[in-house]
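Spelled out from the first residue to the last, the chains are:
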Amino acid sequence: MTRRSVPSGKKLLLKNGFIVDGQKNSEIKKGSIIIENEIIQDVIFEDKINQDNYEVIDIEGNYICPGFIDVHSHSDLTIIAYPEAESAISQGVTTVISGNCGFSVCPTNNTISSILTEAKSYGIEDIQWRTVGEYLNFLEKTEIAVNHAYLVGHGQIRAEVVGYSNTKLDYEKLQQMKFEVEKALDEGAIGLSLGLIYIPGRFSDLEELVELAKVVKKKERVVTNHMRSESSALLEAIQESIDISRLSGVNFQISHLKAAGSGRGKALQACEKIREAIDSGINIAADQYPYNASNTGLSQVLPPQYLEGSIEEIIKKISEDPEMVAEEIEKYPHTPWDKIIISEAYNPKLSKYLGMSISEIARDMKLSEARTVIELMRIEEYDLGAIYFLMDQEEVDYIAKQDFVMVASDSAVRNCDTPAFPHPRTFGSFVKFISYYVKERKDISLSDAVFKMTYFPALKFGIKNRGAIKKGFFADLVVFNYQEIEDRATYSNPKSLAKGIVNVFVNGKKAFENGTVICKNGKVLRDFD
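Sequence order as written defines residue numbering, which begins from 1 separately in each chain. Totals for whole chains, interfaces and linings use every residue, but because this is a predicted model, local features are given only for residues with pLDDT of at least 70 and side-chain atom pairs only at 80 or more, for both listing and counting. Note that water and hydrogens are dropped before the side-chain values are worked out from all heavy atoms of the structure.

### Here's the deal with the nonpolar core
Alright, step 1. Think of a nonpolar core as a cluster: buried Ala, Val, Leu, Ile, Met, Phe, Trp, Tyr and Cys residues, connected wherever their side-chain atoms sit within 4.5 Å. With a 1.4 Å probe rolled over the protein chains alone, any residue whose accessible area is under 20% of its type maximum counts as buried; one over 50% counts as exposed, and the rest are partly exposed. Counting 139 residues, the largest nonpolar core has Tyr-135, Leu-257, Leu-298 and Leu-376 as the members making the most contacts within it.
Alright, step 2. Helix numbers and strand numbers start at the N terminus; a helix is a DSSP run of H or I with at least 4 residues, a strand a run of E with at least 2. The element that contributes the greatest number of residues to this core is helix α15 (residues 425–440), accounting for seven residues.

### Structural notes on unusual backbone geometry
Alright, step 1. Of note, the amide linkage connecting Cys-106 to Pro-107 takes the cis form, showing an omega dihedral of 0°.
Alright, step 2. Following Ile-199, the chain continues into Pro-200 via a peptide bond in cis, with omega recorded as 0°.
Alright, step 3. Of note, Pro-200 is situated in the loop between β10 (191–195) and α7 (206–218).
Alright, step 4. Even without glycine at this site, Glu-60 takes up a positive phi of about 55°.
Alright, step 5. By the secondary structure assignment, Glu-60 is in the loop between β5 (54–58) and β6 (63–66).
Alright, step 6. According to the relative accessible area criterion, Glu-60 is partly exposed, its value standing at 41%.

### Observations regarding the pairing of strand β20 (residues 509–513)
Alright, step 1. Of the strand pairs in this sheet, strand β19 (residues 501–506) and β20 are connected by four bridges, and their pairing is antiparallel. Note on β20: the bridge partner recorded for Val-506 is Lys-509.
Alright, step 2. When DSSP locates at least two bridges between a pair of strands, those strands are taken to pair. The loop that links β19 with its antiparallel partner β20 comprises two residues; one of these, Asn-507, has a positive phi angle of about 50°.
Alright, step 3. With two bridges joining them, β20 and strand β21 (residues 516–517) adopt antiparallel strand pairing. Directly across from Phe-512, in β21, lies its bridge partner Val-517.

### Side note on the packing of helix α12 (residues 358–365) against helix α13 (residues 369–380)
Alright, step 1. Two numbers describe how α12 lies on α13: the axes approach to 9 Å, and their chain directions differ by 85°. One element, α12, and the other, α13, form an angle in the roughly perpendicular class. Of α13, the residues touching α12 (which contributes Ile-358, Ser-359, Ile-361, Ala-362 and Met-365) are Glu-369, Thr-372, Val-373, Glu-375, Leu-376 and Ile-379.
Alright, step 2. Nonpolar residues are Ala, Val, Leu, Ile, Met, Phe, Trp, Tyr, Cys and Pro. Charged residues are Asp, Glu, Lys and Arg, and all others, Gly as well, are polar. A breakdown of the residues in the contact of α12 with α13 according to their chemical character gives seven nonpolar, two polar and two charged. Lines fitted to C-alpha atoms define the axes, with helix axes restricted to the stretch in contact, and inter-axis angles between N-to-C directions lie between 0 and 180 degrees. Any angle that falls under 35 degrees is termed roughly parallel, while one over 145 is termed roughly antiparallel, one within 65 to 115 roughly perpendicular, and all others oblique. Contacts were defined at the residue level, with two residues in contact if any of their heavy atoms lie within 4.5 Å.

### Description of the sheet that holds strand β14 (residues 293–297)
Alright, step 1. Spatial strand order, β14-β16-β15: three strands in an open sheet with antiparallel pairing. Of all strands in the sheet, those with a lone pairing partner are β14 and β15 (340–344), marking the two edges. Adjacent strand axes in the sheet meet at a mean angle of 30°, parallel and antiparallel pairs treated alike.
Alright, step 2. Both β14 and strand β16 (residues 385–389) contribute to a ladder of five bridges, which runs antiparallel. Its bridge partner lying in β16, Thr-296 is registered against Ala-386.

This is how it looks when you write it as structure tokens:
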């Protein structure tokens, strides 16, 4: 790639690139893009352009597409701890949407201690916000490398209103929750996320969820859902998602669609059920990460009777009679212990166990696997991150090909020097989707793959004037070498940068080049922006 510099204040010309414009079924054509300030001023498909008065970057036959949009991120705090967002921008992601799975870091008053505990694990010593508006204002004062949009978490609001107990909302509490949802949306949240498999979201009934979804519908925003089940009750959980959308009319997104554990074999039925809903007029879609292992808290192996209260209260309960709890854990269905790998722990005593399976750690601790789980959580004094191998690759591939499914990482932005041992999806999801499904398997065309990662999510989540290479859109762009593009993050070496990403532009400025973040030009995207 060559560059010709001219005096400052000139427009930027990206020439000789194969343009994949982000729209479905679009033709890939060689052309040039003119950027002024942060906006695409023109897209030109002519060989000869007067290059005077331009700063010229010759793409030299590489491909250029809109910046990828990660609709399912958990970067609420890590975007503060790692504002360079190397894991995202290095694979072409220019916008992340955080606050997923019912978890958000605001609004917070009653729950501030739990959020502060997590924040401190990332080196953040103080929480300088209480509301969604204050959180977004704080981020606007922080230089970040990628754009950041935010969902308010249903679980967070419920914890603020009624705590973490199994409580049905009375009329007064429901009205209070509706008020908090509307306030968050008015302050700039782009939607509401549900985490119905987690505490306290799992205690919510359909009536509560529909009433809250109606508030979101009134504001024309989106509801996302980590469903109650992605395994044995997968189909029932999908039906609940459909019912919430049908009864409220809300724009709905199923998060990280999968058929896991005892749900293996149900991917076809799951996709058919969603397709039937779409064909009947329900506004519903889904996202997925292209891997056959998930990543969530180690606490998810605990039987339901222990999953009530804050994480601190849960640890206290399982520590009172660990032998009895261990017996109950063994009786409860769970992923095989050798298929669960610890990915995140912040107590230095546990650092040596990062990347090891529960079986391996149990041998080192000289405990049973179930007792090892209890001991790990007791030492950490918080939940641990864990990778679960519980999906069939054939079903992952089947879901990926569905036209209502977009791509997501279900991860948090990191830098290469993070002490965690993250899932490879953190550094690889978007590049892997191209290298595996477009280049290797040839299941999906390049233009349709790019659509799934750019304009489709922008339309679904209301990200205005982004996700496509169009005149008047923000210049979030990725230049990549199609021949070389390849994910390199693995389960054993997860913090490896992808190959083939040449440049990334965020809001018109070159932000990533030659494997390095060179500029932090991201914006906080509020819905009313």
